[in-house]
Amino acid sequence: MGAGRVARRQSAARSAVVSKTGRASRLIRKGAVLRFVLWLAGLMVAFNAVFYLWLAESRVFEVYLSWNARACALLLRVFGESATATGTLVASPRFGLEVKDGCDAIQPMAFLIFAMLASPVPVRLRLRLVPILVGMLVLLLLNLVRILTLFYTGVYFPSAFEPLHIDVWQSVFIFLPLTFWLVWAQRAARPSGTTTHAGS
C-alpha cells in the first residue's frame, strides 16, 4: 500500500510537471507569434509610409515601372504584336495600357521579405535568403504575366479589364505571397531528420 501511494504521488507530480511545461510552452509560442505579428505589422507600416511618401513619386520607381513596360512590350513582340514601350506606356495598334502604381509587385514582395525574415522558425538567416529570392523572382515574373493578360483582355474582352485588374489580380498578389510564406514556415518549423518507421 505504501509503495502504491508513493507511485501515485510520483505519477501525479510528473503529470503536474508535464502540465506546467505544456502551459509554459504554449505561452512561449503565443509570445513568439505576438512578437512576429507586431514586427510584421510595424515593418509593413514603415515600408508603406516610405513607399507612398517617397518611393511612389521617385525617379527610381518610374524607372522600375518602365522596365516592366519594356519587358512586356518585348514579350508581346515575341507573341506577334506590334508593341512598343514609351516610358511606362505599352502601346500597339490594337490596345494600349500604362504600367502604374499597383501593377508593380513591390508591396507583395515587401510582405514576403518581412514575413520570412521575422518568422519565429528555427532557421538561420542565410537559409532564408534563397526562399526569399525565389519568391521575389516568382512575383516579378507573375507581374509580367499580369500585364500581358491585361493587355490581351483589353484587346478581346474590354469589359472584363477592370474586374480582372482589380478583383482577380489584386487578390492573387495578396494571397500568393501569404501562401508562399505559410508553406515555407510550415516546412521550416518541421523537425529535421524525422523519419517514419514501418510498424510504428
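Residues numbered from 1 in each chain as written. Predicted model: local features only at pLDDT ≥ 70, side-chain atom pairs only at ≥ 80, totals over all residues. Heavy atoms only, no water.

Some words on the packing of helix H3 (residues 106-118) against helix H4 (residues 125-156)
Line of reasoning, step 1. Contact pair H3 / H4: the axes reach a minimum separation of 10 Å and the direction vectors enclose 165°. Here H3 lies roughly antiparallel to H4, going by the angle between them. The two elements H3 and H4 cross, and the hand of that crossing is right-handed. Contacts between H3 and H4 involve Pro108, Met109, Leu112, Ile113, Met116, Leu117 and Ala118 from the former and Leu125, Arg128, Pro131, Ile132, Gly135, Met136, Leu139 and Leu140 from the latter.
Line of reasoning, step 2. Residue classes in the contact of H3 with H4 are distributed as 13 nonpolar, one polar and one charged. (Axes fitted to C-alpha atoms, helices over the stretch in contact; angles between N-to-C directions. Helix = DSSP H or I, 4+ residues; strand = E, 2+ residues; numbered from the N terminus. Parallel < 35°, antiparallel > 145°, perpendicular 65-115°, else oblique. Left-handed = near helix turned anticlockwise from the far one by under 90°. Contact = heavy atoms within 4.5 Å. Nonpolar A, V, L, I, M, F, W, Y, C, P; charged D, E, K, R; others polar.)

Points about empty space enclosed by the protein
Line of reasoning, step 1. Tallied over the entire structure, the rule returns one cavity of 30 Å³ or more.
Line of reasoning, step 2. A volume near 30 Å³ is recorded for the largest cavity.
Line of reasoning, step 3. Lining of the largest cavity is provided by Gly135, Val138, Leu139, Leu176, Pro177 and Phe180.
Line of reasoning, step 4. Of all elements in the fold, only H4 and helix H5 (161-189) reach the threshold of two or more residues within the lining of the largest cavity. (1 Å grid on protein atoms, 1.4 Å probe; cavity = no way out; pocket = protein on both sides within 12 Å on 5 of 7 lines; lining within 4 Å. Points joined across faces, edges and corners; volume = space filled by probe spheres on them.)

Comments concerning the side chain of glutamate 81
Line of reasoning, step 1. Within the secondary structure, glutamate 81 sits in the loop between helix H2 (59-78) and strand E1 (84-86).
Line of reasoning, step 2. The buried category is assigned to glutamate 81, whose relative accessible area is 11%.
Line of reasoning, step 3. Reaching out from glutamate 81, the side chain makes a polar contact with the side chain of arginine 94 at a distance of 2.4 Å.
Line of reasoning, step 4. Those residues within four positions of glutamate 81 in sequence are excluded, and the remaining contacts are Leu76, Ser92, Arg94, Phe151 and Tyr152. (Buried < 20%, exposed > 50% of the residue type's maximum accessible area, 1.4 Å probe, protein only. Polar contact = N/O pair within 3.5 Å; in protein donor to acceptor, adjacent residues only side chain to side chain.)

Thoughts on H2
Line of reasoning, step 1. For H2, which comprises 20 residues, the first-to-last C-alpha distance of 29 Å matches the rise-based estimate of 28 Å (1.5 Å per residue) to within 8%.
Line of reasoning, step 2. Those residues of H2 that fall on the buried side of the exposure criterion are Phe61, Tyr64, Leu65, Ser66, Asn68, Ala69, Cys72, Ala73 and Leu76.
Line of reasoning, step 3. Glycine 80 occupies a position one or two residues after H2 and carries a positive phi of about 100°. (Expected span 1.5 Å × (residues − 1).)

Some words on the sheet that holds strand E2 (residues 89-91)
Line of reasoning, step 1. On the basis of which strands lie adjacent, the open sheet formed by three strands has the order E1-E2-E3 and antiparallel pairing. Either end of the sheet is taken by a strand with one partner, and the two such strands are E1 and strand E3 (96-98). Strand-to-strand, the axes of this sheet are offset by a mean angle of 20°, without reference to chain direction. (Pairing = 2+ DSSP bridges.)

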